Amino acid sequence: MPYFMMPKARPTSREVLADLVSFDTTSGNSNLPLIDHVEDWLRSFGLEPCRFPDATGTKSNLLVTIGPEDVPGYILSGHTDVVPVKGQDWTSDPFVLREEDGKLFGRGACDMKGYVACCLSKVPHFLEADLKSPFHIALSYDEEVGCIGVRSMVADMAGWDLKPLGCFVGEPTKMDVITGHKAKHSFRVTVTGKSGHSSLAPNFVNAIEYAAALIMKIREIGERLAKGRHDELYDMPVTTSHVGVIRGGTQLNIVPELCSFDFEFRSLPEEDAEALNEEVFAYARDVLEPRMKAVDPDCGIGFHLISSIPGLATGADEEIVALAKHLAGRNGFSKVAYGTEAGLFREMAGIPTVVVGPGDIAQAHTPDEFVEISELAACDAFLNRLIAHCSA
Ligand SMILES: [Zn+2]
């Protein structure tokens, strides 16, 4: 199938989306074929995008600035990676955009190539407008595996002389303005015990039982937090704890030597997340490990950080919120429980940031993921108003 983003072509957001969806940018894959395609098209307009590659050279962020470079501007941020389709039951090829009943189906159509497509389709319009402040389109990799890729690009922005006026992260919010999201810290815990025949169990160290003790501690912290700080703008108004995976043991008559499990805290941005992590580490170190080591000093509990994403807490009275509400035609704002790259723009670079984008998060990551055509139209209108705002 021919691409819509041919040199100097002016594709619609939907046509750009068809191009973007055709690249299988599942986080485990290279995103370079997509980046090459977008970069070639941008260069055909005389633009000079900048790459921020990963250490392996198989993935990259892409940043392009359009408009005057001597004044601060706005960042339009989206991730290029998508979650796997493996094991999901799709009606049609997930990497071929398909229309039915006013919906566009395809992996990433909603999360979040739809927003990226809207932003890219505006490039020719940005170039024609008499922009008083520039746009920076910032495309990242490896968002779905812990907001890893975007960090090198945001670190670069943190050093810019002109601090951007604001950033719009286009995760699917049905164009609602989102001013806050939770922080997430997740860890893999490895419990090392001492193995032996289960008939002599008390002489050994049961890794599963110590893992269970630590899991109950994590649950206890969660129960305490459920009675603590509340923010009713979240659908889950409290900080939560959760254990999602556990592995351990070989057979019933062997005291298990190894057990590992994964846990997370999803905390309100105002919560001291580090203190929660430390409470778990301290319980392992000060309460459980001494008992284990009394049997065998080689026993112990190790923690490996899986991911750490800061929360977002943009103030309701900040200019970026008023602007986003105006552009989206909304009176209010809300907050979401899932993490996004927005917290990193705020925390690492101090950039006023909101989340606002087309599509419904309920369709993200699902088989037959889709975005409503009307949602793309709403995002196109949002961007047209932003162009007018920046050309005034
Ligand atoms: Zn996303």
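The structure we're discussing is the one just above.
## As for the overall build of the chain
(1) Moving on: Scanning the chain from terminus to terminus reveals 10 helices and 18 strands.
(2) Moving on: For the chain, the C-alpha radius of gyration of 24 Å lies close to 21 Å, the compact-globule estimate for 392 residues.
(3) Moving on: Overall, the C-alpha framework of the chain stretches about 80 × 45 × 40 Å when taken along its three principal axes.
(4) Moving on: For the chain, long-range pairs separated by at least 24 residues make up 80% of all intrachain contacts whose partners lie at least 6 apart in sequence.
(5) Moving on: Carbon and sulfur atoms make up 53% of the accessible area of the chain, which amounts to about 16800 Å² in all.
(6) Moving on: Computed over 35 positive and 56 negative side-chain charges, the inter-centroid distance for the chain is 3 Å.

## Looking at the coordination of the zinc ion
(1) Moving on: Around the zinc ion, the protein supplies His79 (NE2), Asp111 (OD), Glu171 (OE) and Glu171 (OE) as donor atoms, at distances of 1.8 to 2.5 Å.
(2) Moving on: Coordination at the zinc ion is irregular: its four donor atoms span angles of 55 to 138° at the metal.
(3) Moving on: In primary sequence terms, the donor set of the zinc ion follows H-x31-D-x59-E. Of this pair, His79 sits in strand β3 (residues 74–79) while Asp111 sits in the loop between β5 (103–105) and α3 (113–121), placing them 32 residues apart in sequence. Like His79, the residue Asp111 is buried in the burial classification.

## Quick look at the nonpolar core
(1) Moving on: In this structure, Leu76, Leu120, Ile137, Phe168 and Leu386 are the most contacted members of the largest nonpolar core, which totals 54 residues.
(2) Moving on: Top contributing element to this core by residue count: helix α10 (residues 373–391), with seven residues.
(3) Moving on: With 23 residues, the next largest nonpolar core counts Phe187, Phe261, Phe265 and Cys299 among its residues.

## Some details on the side chain of Thr173
(1) Moving on: Take Thr173: it is sitting in the loop between β7 (166–169) and β8 (178–181).
(2) Moving on: Every residue in contact with Thr173, bar those within four places of it in the chain, is listed here: Ile178, Tyr338, Val355, Val356, Gly357 and Gly359.

## Let's talk about the sheet that holds strand β4 (residues 98–100)
(1) Moving on: Taken in spatial order, the three strands line up as β4-β5-β18 in an open sheet, and their pairing is antiparallel. Edge positions in the sheet fall to β4 and β18 (370–372), since each has one partner strand and no second. For this sheet, the mean angle separating the axes of adjacent strands, direction not counted, is 25°.
(2) Moving on: With three bridges joining them, β5 and β18 adopt antiparallel strand pairing. The partner of Phe105 across the bridge, within β18, is Phe370.

## Some words on the pairing of strand β1 (residues 50–53)
(1) Moving on: Alignment of β1 against strand β2 (residues 60–66), held across four bridges, turns out to be antiparallel. Following the sheet pairing, Phe52 is matched in β2 by Asn61.
(2) Moving on: Counted between consecutive antiparallel strands, the loop separating β1 from β2 contains six residues, among which Gly57 sits at a positive phi close to 75°.

## What about the packing of helix α6 (residues 207–226) against helix α7 (residues 273–295)?
(1) Moving on: Following both chains from N to C, one finds α6 and α7 inclined at 150°, their axes separated by 10 Å at the closest point. Of the two elements, α6 crosses α7, and the hand of that crossing is right-handed. Contact with α6, carried on its side by Tyr210, Ala213, Leu214, Lys217, Ile218, Ile221, Arg224 and Leu225, involves Leu276, Glu279, Val280, Tyr283, Ala284, Leu288, Arg291 and Met292 of α7 and no other residues of that element.
(2) Moving on: A breakdown of the residues in the contact of α6 with α7 according to their chemical character gives 12 nonpolar, no polar and four charged.

## Here's the deal with the pattern of salt bridges
(1) Moving on: Following the criterion strictly, the structure yields 22 salt bridges and no others.
(2) Moving on: A salt bridge links Asp360 to Lys174; the shortest N-O distance between them is 3.7 Å. Of this pair, Asp360 sits in the loop between β17 (353–355) and β18 while Lys174 sits in the loop between β7 and β8, and the two are 186 residues apart along the sequence.
(3) Moving on: Given the relative accessible area of 41%, Lys174 is considered partly exposed.
(4) Moving on: The salt bridge involving Glu223 is made with Arg219; its shortest N-O contact spans 3.1 Å. Here Glu223 and its partner Arg219 are both found in helix α6, four residues apart, which amounts to about one turn of the helix.

## Quick word on the pairing of β2
(1) Moving on: Counting buried positions along β2 gives six out of seven residues, so the element sits mostly inside the fold.
(2) Moving on: The pairing of β2 with strand β6 (residues 135–140) spans five bridges and is classified as antiparallel. In the sheet register, Val64 faces β6, and the bridge partner there is Ile137.

## Considering the sheet that holds strand β14 (residues 300–309)
Strand pairs in the sheet, formed through backbone hydrogen bonds, run parallel or antiparallel to each other.
(1) Moving on: In space, the four strands of this open sheet follow the order β11-β13-β9-β14, with antiparallel pairing throughout. Sheet topology places β11 (240–248) and β14 at the edges, where each strand pairs with a single neighbour. Taken pair by pair, the neighbouring strands of this sheet meet at an average axis angle of 15°, ignoring direction.
(2) Moving on: Pairing of strand β9 (residues 183–192) with β14 involves nine bridges; the strand directions are antiparallel. Counted as the bridge partner of His185 is Ser308 from β14.
(3) Moving on: Helix-sheet contacts for α6 involve β9, β11, β13 (258–267) and β14, and the interaxial angle to β13 is about 10°.

## Quick notes on α7
Side chains three or four residues apart in an α-helix point the same way, a direct result of the helix having 3.6 residues per turn.
(1) Moving on: Under the 1.5 Å per step criterion, the end-to-end length of α7 is 33 Å for 23 residues, consistent within 8% with the ideal 33 Å.
(2) Moving on: The sharpest bend along α7 comes to roughly 45°, located at Glu289, with the proline Pro290 sitting one to four residues further on.
(3) Moving on: Within α7 the residues assigned to the buried category are Ala273, Leu276, Asn277, Val280, Ala284, Leu288, Glu289 and Met292.
(4) Moving on: Buried-residue contacts for α7 involve β9, α6, β13 and β14.

What counts and how
- Residues numbered from 1 in each chain as written.
- Predicted model: local features only at pLDDT ≥ 70, side-chain atom pairs only at ≥ 80, totals over all residues.
- Heavy atoms only, no water.
- Helix = DSSP H or I, 4+ residues; strand = E, 2+ residues; numbered from the N terminus.
- Rg over C-alpha atoms; globule rule 2.2 N^0.38 Å.
- Contact = heavy atoms within 4.5 Å.
- Areas by Shrake-Rupley, 256 points an atom, 1.4 Å probe, with all protein chains shown as cover.
- Lys, Arg positive; Asp, Glu negative; His and termini not counted.
- Charge placed at Lys NZ, Arg CZ, Asp CG, Glu CD.
- Donors = N, O, S within 2.8 Å, 3.2 Å for Na, K, Ca; no water.
- Tetrahedral: all angles 85-135°; square planar, octahedral: opposite > 155°, others 65-115°.
- Buried < 20%, exposed > 50% of the residue type's maximum accessible area, 1.4 Å probe, protein only.
- Core = buried A, V, L, I, M, F, W, Y, C linked by side-chain atoms within 4.5 Å.
- Pairing = 2+ DSSP bridges.
- Axes fitted to C-alpha atoms, helices over the stretch in contact; angles between N-to-C directions.
- Left-handed = near helix turned anticlockwise from the far one by under 90°.
- Nonpolar A, V, L, I, M, F, W, Y, C, P; charged D, E, K, R; others polar.
- Salt bridge = Lys/Arg side-chain N within 4 Å of Asp/Glu carboxyl O.
- Expected span 1.5 Å × (residues − 1).
- Bend = angle between axes of the 7 residues up to and from the residue.

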